[in-house]
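# An overview of the molecular structure
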Amino acid sequence: MPELFLHNSLTRRTERFTPLDPARVRMYVCGPTVYDRPHIGNARPAVVFDVLARLLRRLYGNLTYVRNVTDVDDKINARAAENHEPIAALTARTLDLYHRDMASLGVAPPDVEPRATAHIAEMITLIARLIEGGHAYEAEGHVLFTVASFPDYGRLSGRSPAELRAGARVEVAPYKRDPGDFVLWKPSPPEFPGWESPWGYGRPGWHIECSAMSWRYLGADFDIHGGGGDLLFPHHENEVAQSRCAFPESHFARMWVHNGMLLVNGEKMSKSLGNIITVEDLFARAPGEAVRFALLRTQYRGVLDFSDTALMEAKRELDRFYRALQKTPPRAGGETPQSVMDALCDDLNTPQAIAAMHKLADDALAGGEMAAVGLRNAGDLLGILKADPRDWFIGMTPHVTMALSDEDIEKKLIERGHARHAKNFARADEIRQELAAQNIILEDTPAGTTWRRG
């Protein structure tokens, strides 16, 4: 069996993955906060950890993959008030949209998808343990974690005590003993969700939710904790502190895996820039499988610059893979090629895996049946190449194919003309098929090539 190596954010090294129990690998990933439709930044970790889950199942057979849902949060409360709708209605609706969009990206459901509101009892238990152990205190209806009680605080994020103090808010709540102390429980006004607790009617802080749910389903020690790099501090740092203090003999997560930032046309997504792209927006431009593939063309730890150009390139590469499968239909069975497995076992090196798939496509286009089998099996591991090639090219995929502008089509014709002049007839034929897949009909005449929309 190939050895899996992953970059561990805790040690800042790429390490051999050795599960605590090879018969049951355990992974927890921070899931959505359900107050709005998911955007492309939310989709990246969902796709990345879906691939990691597929790989772990291939290597070890048995994986318990937990991805939580945050359905009690101040952002949710604010959005519900803004929309004039009940909080429960907002979270139910947006969670349903998240499920739909992730399914369209080929993201398989996790084994367990716990909702925070269903695990208040576990949170209260953990908070009580922290108070009893001297790691938390009550103040004006709040319960706060005492950061100074955990000597390793800052180790995961790599921040020194001085940096942590400098990063504390200027306006510190008067009931805090130290500016860095964070909330475990807080009072709830009547219009907000709340539960009875030993500290009064209230609701949990964000960080305690994940500690409680990971403990409930995976135990005090488990193999992998994943999420976006933006969660490393303070969310994951706080999870480590409260979990290890609640269970002093534990190590909590043995390995921390974080995906990198996603930019849009070179800029960070933000409301102020007006460049937030929802997953639904992208489905008007490309099939869900092309969106997924665009997210995998950059190694998961790297900064991914998402653009329409990148999406078109992803669609074009998928077209080539599907042409190979159409040329040489694969039979059932076979194994994933070693070149693809080696790439994915090297810290999920998806670009290298895709490069290996292009070599398989070369052989499949030349009639190699085993290459076609390998290409299909590699696609299974990456969560792509799920459609019948005929359906892919006639647009019977779950979403419409990407609409090309007149200018884009003219550029394709120029490229095709250059290919024909260079006697690269294979590429010229590829361009014709690419355009045909989007219902663009070419007609070669003595006077040149013309086109029309079918």
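Conventions and cut-offs
- Each chain has its residues counted from 1, running along the sequence as written.
- Predicted model: local features are reported for residues with pLDDT of at least 70 only, side-chain atom pairs are reported and counted for 80 or more only, and whole-chain, interface and lining totals are derived from all residues.
- Based on all heavy atoms of the structure, the side-chain values leave hydrogens and waters out of the count.
- Think of it this way: any DSSP run of H or I at least four residues long counts as a helix, any run of E at least two long counts as a strand, and we number them from the N terminus.
- Both definitions apply: the radius of gyration is a C-alpha atom measure, and the globule rule equals 2.2 Å times residues to the power 0.38.
- Exposure is judged per residue with a 1.4 Å probe applied to protein chains only, and the accessible area is read against the type maximum: over 50% gives exposed, under 20% gives buried, and values in between give partly exposed.
- Note on contacts: a residue pair qualifies if any of its non-hydrogen atoms lie within 4.5 Å across the two residues.
- Strand pairing is assigned whenever DSSP identifies at least 2 bridges connecting the two strands.
- Fitted lines through C-alpha atoms serve as axes, helices being fitted only where they are in contact, and the angles separating the N-to-C directions of these axes extend from 0 to 180 degrees.
- Should an angle fall under 35 degrees it is called roughly parallel, over 145 degrees roughly antiparallel, and 65 to 115 degrees roughly perpendicular, with every other angle called oblique.
- Working definition: rings of Phe, Tyr and Trp (its six-membered ring) pair if their centres are within 6.5 Å, and the pair is stacked with planes under 30 degrees apart, edge-to-face with planes over 60 apart, and tilted otherwise.
- Lysine NZ or arginine CZ positioned within 6 Å of the ring centre and within 35 degrees of the ring normal marks a charge as sitting over the ring.
- Working rule for helices: expected span equals 1.5 Å times residues minus one.
- By the criterion used throughout, a crossover qualifies as right-handed when its path from the first strand across the helix to the second strand runs clockwise, the strands pointing away from the viewer.
- This arc is taken over the directions from the axis of the helix to the C-beta atoms.
- Residues adjacent in sequence count toward polar contacts only when both atoms are side-chain atoms; beyond that, a polar contact is any pair of N or O atoms within 3.5 Å, and within protein one must be able to donate a hydrogen and the other to accept it.

It is worth spelling out the overall build of the chain at this point. On a plain count of helices and strands, the chain comes out with 16 helices and 15 strands. In terms of overall size, the chain behaves like a compact globule, its C-alpha atoms giving a radius of gyration of 25 Å where 454 residues would be expected to give roughly 22 Å. With respect to the principal axes defined by its C-alpha atoms, the chain has extents near 85 × 50 × 35 Å. For the chain, the proportion of its 454 residues judged to be buried stands at 54%. Contacts in the chain between residues far apart in sequence, at least 24 positions, make up 75% of those at least 6 positions apart.

Moving on, we get to the pairing of strand 7 (residues 182-187). Where strand 6 (residues 142-145) and strand 7 come together, 3 bridges link them in antiparallel fashion. Each bridged residue has a counterpart across the sheet, and for phenylalanine 145 the counterpart in strand 7 is phenylalanine 182. Sheet topology note: the strand 7/strand 8 (residues 202-204) ladder contains 3 bridges and is antiparallel. The partner of lysine 186 across the bridge, within strand 8, is arginine 203.

At a closest axis distance of 9 Å, the pairing of helix 2 (residues 74-83) and helix 3 (residues 87-104) adopts a crossing angle of 105°. Considering their axes alone, helix 2 and helix 3 lie roughly perpendicular with respect to each other. Every residue of helix 3 that contacts helix 2 at Ile76, Asn77, Arg79, Ala80 and Asn83 is listed here: Ile87, Leu90, Thr91 and Arg93.

Attention now goes to the packing of aromatic side chains. For any two aromatic rings, the description comes down to two numbers: the centre-to-centre distance and the angle of the planes. All chains considered together, the criterion is met by 8 aromatic pairs. Judged by centre distance (6.0 Å) and plane angle (80°), the ring pair of phenylalanine 293 and phenylalanine 321 falls under edge-to-face. Taken together, the residues phenylalanine 293 in helix 9 (residues 288-296) and phenylalanine 321 in helix 10 (residues 308-327) connect sequence positions 28 residues apart. Given the relative accessible area of 0%, phenylalanine 321 is considered buried. Summarising the aromatic geometry, the rings of tyrosine 322 and tryptophan 392 are spaced 4.6 Å apart at their centres and angled 20° between planes, so their arrangement reads as stacked. In this pair, tyrosine 322 sits in helix 10 while tryptophan 392 sits in helix 14 (residues 389-393), placing the two residues 70 residues apart along the sequence. Aromatic rings pair up to connect Phe222, Phe252 and Trp256 into one cluster. In this structure, arginine 177 is placed above the aromatic ring of tyrosine 137, and the distance from its NZ or CZ to the ring centre is 4.0 Å.

Attention now moves to the sheet that holds strand 11 (residues 262-264). Pairing between sheet strands relies on hydrogen bonds along the backbone, with the strands arranged either parallel or antiparallel. Across the sheet, which stays open at both edges, the 3 strands sit in the order 12-11-13 with mixed pairing between neighbours. In this open sheet, the two edge strands, each paired with only one partner strand, are strand 12 (267-268) and strand 13 (304-306). In this sheet, strand 12 lies alongside strand 11 in antiparallel orientation, the contact comprising 2 bridges. Considered in strand 12, the bridge of leucine 263 is made with lysine 268.

Looking now at helix 1 (residues 40-60). Between its terminal C-alpha atoms helix 1 stretches 30 Å, which fits the 30 Å expected from 21 residues at 1.5 Å a residue. Remark: glycine 61 follows helix 1 within two positions and exhibits a positive phi of approximately 85°.

In this structure, lysine 412 sits in helix 15 (residues 406-421). Taking relative accessible area as the criterion, lysine 412 reaches 10% and is therefore assigned buried. Taking the C-alpha atoms as reference points, lysine 412 and isoleucine 431, separated by 19 residues in sequence, lie 6.9 Å from one another.

Moving on to the pairing of strand 4 (residues 63-67). Of all 5 residues in strand 4, 5 are buried; the element is thus mostly enclosed. Of the two faces of strand 4, the one holding Leu63, Tyr65 and Arg67 and the one holding Thr64 and Val66 are both buried throughout. Where strand 3 (residues 25-29) and strand 4 come together, 5 bridges link them in parallel fashion. Looking at the pairing, tyrosine 28 lines up with valine 66 of strand 4. Handedness of the crossover joining strand 3 and strand 4 through helix 1 is recorded here as right-handed.

On to helix 2, then. When we look at burial in helix 2, the residues that qualify are Ile76, Asn77, Arg79 and Ala80. Seen from one end, helix 2 has its buried residues packed into an arc of 170°, which puts them on one side. Exposed side chains of helix 2 directed beyond 90 degrees from the buried face belong to Lys75, Ala81 and Glu82. Against the buried residues of helix 2 lie helix 3 and strand 8. Where helix 2 starts, the residue carrying a side-chain oxygen 2.8 Å from the main-chain nitrogen of lysine 75 turns out to be aspartate 73. Downstream of helix 2 by one or two residues, histidine 84 has phi in the positive range, about 55°.

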